[in-house]
Amino acid sequence: MFLVLHLMVPILLAADRVWDLALGLEPAIALPIFAIATLVLLPFAKGTVIGFAWSRGVTRKPVSFS
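Thresholds applied
- Residues numbered from 1 in each chain as written.
- Predicted model: local features only at pLDDT ≥ 70, side-chain atom pairs only at ≥ 80, totals over all residues.
- Heavy atoms only, no water.
- Helix = DSSP H or I, 4+ residues; strand = E, 2+ residues; numbered from the N terminus.
- Rg over C-alpha atoms; globule rule 2.2 N^0.38 Å.
- Buried < 20%, exposed > 50% of the residue type's maximum accessible area, 1.4 Å probe, protein only.
- Areas by Shrake-Rupley, 256 points an atom, 1.4 Å probe, with all protein chains shown as cover.
- Expected span 1.5 Å × (residues − 1).
- Bend = angle between axes of the 7 residues up to and from the residue.
- Contact = heavy atoms within 4.5 Å.
- Patch = residues over 30% accessible without salt bridge, like charges linked within 9 Å, V, L, I, M, F, W, Y side chains within 5 Å.
- Salt bridge = Lys/Arg side-chain N within 4 Å of Asp/Glu carboxyl O.
- Core = buried A, V, L, I, M, F, W, Y, C linked by side-chain atoms within 4.5 Å.

A.B. asks: Can you tell me about the overall build of the protein chain, naming the residues and giving the values?
C.D. replies: When its secondary structure is counted, the protein chain shows 2 helices and 0 strands. In terms of overall size, the protein chain is more extended than a compact globule, its C-alpha atoms giving a radius of gyration of 19 Å where 66 residues would be expected to give roughly 11 Å. Each of the three principal axes of the protein chain carries a C-alpha extent, and together these read 65 × 20 × 15 Å. Looking at the protein chain as a whole, 8% of its 66 residues qualify as buried. Accessible surface, the protein chain: about 6,200 Å² in total, of which carbon and sulfur atoms supply 74%.

Below, the structure written as structure tokens:
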């Protein structure tokens with residue numbers, strides 16, 4: 001959500017200056033876009049975090065079953 005917020009806020013501010021939308025219509029348009037963008041970017045963000053942790057050696061010790 002942090003990434004999505006940084007990507008969407010400038011777009012929403014620019015759209016607010018260009019179009020004069022009703023107060024209820026703006027969130028009705030923006031909220032589904034936020035939800036879709038979050039779900040689309042989630043796997044990439046998760047992969048980035050896991051890849052960074054893996055490269056830094058942040059892993060669990062293997063569990064041995066005896």
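A.B. asks: Break down helix α1 (residues 2-18) for me, citing the residues and quoting the values.
C.D. replies: The end-to-end C-alpha distance of α1, which contains 17 residues, comes to 25 Å, matching closely the 24 Å that a straight helix rising 1.5 Å per residue would cover. The principal kink in α1, of about 30 degrees, is found at Met 8, preceding the proline Pro 10 by one to four residues.

A.B. asks: Explain helix α2 (residues 25-55) residue by residue, including any values.
C.D. replies: With 31 residues, α2 ought to run about 45 Å at 1.5 Å a step, and its terminal C-alpha atoms sit 45 Å apart, in line with that. At Leu 42, α2 shows its maximal kink, close to 40 degrees; a proline, Pro 43, follows between one and four residues later. Along α2, the residues classified as buried are Ala 30, Phe 34 and Ala 37. Along its buried surface, α2 packs onto α1. One or two residues past the end of α2 sits Gly 57, with phi positive at roughly 80 degrees.

A.B. asks: Just give me the short version of a nonpolar patch on the surface, but keep the residues and values in it.
C.D. replies: Together, Val 18, Trp 19, Leu 21, Leu 25, Ile 29 and Ile 33 make up an exposed nonpolar region whose accessible area comes to about 560 Å². Residue contributions to the nonpolar patch peak at 3 residues, all from α2. Topologically, Trp 19 is positioned in the loop between α1 and α2.

A.B. asks: If you had to explain the nonpolar core to someone new, which residues and values would you point to?
C.D. replies: Listed in full, the 5 residues of the largest apolar core are Val 4, Met 8, Ala 30, Phe 34 and Ala 37. Sorting the residues of this core by element identifies α1 and α2 as the ones contributing at least two each. Looking at this core element by element, the count peaks at 3 residues for α2. When neighbours within four sequence positions are excluded, Val 4 is seen to be in contact with Phe 34, Ala 37, Thr 38 and Leu 41.

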